[in-house]
Amino acid sequence: MKDYHFCATCINFETYKADGKTRYRCKRLGYETKPDYKFNCWEPKENVQKLLEKDREK
């Protein structure tokens, strides 16, 4: 199974611009993160959930 568990695939991950730079933030934890970070509170986005289900069926 592919590894989808990282911040960019979580429903709490948001991207915004500040000081002319792209920033990444976790809405749940309340601080900046990076797309490839991993935390135990990960909650996959709907499209990722579908991919995980599809992988499980194989």
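Residues numbered from 1 in each chain as written. Predicted model: local features only at pLDDT ≥ 70, side-chain atom pairs only at ≥ 80, totals over all residues. Heavy atoms only, no water.

1. Focus on empty space enclosed by the protein
Scanning the model with the defined rule gives one cavity of 30 Å³ or more in all. In this structure, the largest cavity spans a volume of roughly 80 Å³. Grouping the constituent residues of the lining of the largest cavity by class yields nine nonpolar, three polar and one charged. (1 Å grid on protein atoms, 1.4 Å probe; cavity = no way out; pocket = protein on both sides within 12 Å on 5 of 7 lines; lining within 4 Å. Points joined across faces, edges and corners; volume = space filled by probe spheres on them. Nonpolar A, V, L, I, M, F, W, Y, C, P; charged D, E, K, R; others polar.)

2. Quick look at the side chain of T9
Within the secondary structure layout, T9 lies in the segment before β1 (13-18). Classification of T9 by relative accessible area gives buried; the value is 9%. Within polar-contact distance, the side chain of T9 engages the backbone oxygen of Y4 at 2.6 Å. Ignoring sequence-local partners within four residues, the contact set of T9 consists of Y4, W42, E43, P44, K45 and V48. (Helix = DSSP H or I, 4+ residues; strand = E, 2+ residues; numbered from the N terminus. Buried < 20%, exposed > 50% of the residue type's maximum accessible area, 1.4 Å probe, protein only. Polar contact = N/O pair within 3.5 Å; in protein donor to acceptor, adjacent residues only side chain to side chain. Contact = heavy atoms within 4.5 Å.)

3. Section: helix α1 (residues 46-57)
Relative to the 16 Å expected for 12 residues at 1.5 Å per residue, α1 spans 17 Å between its end C-alpha atoms, a close match to the ideal helical length. Along α1, the positions that sit buried rather than exposed are V48, L52 and D55. Summarising the axial view, the buried residues of α1 lie within an arc of 60°, below the 170-degree limit, and thus occupy one face. Of the exposed residues in α1, the ones pointing more than 90 degrees away from its buried face are E46, K50 and E57. (Expected span 1.5 Å × (residues − 1). Arc of directions from axis to C-beta.)

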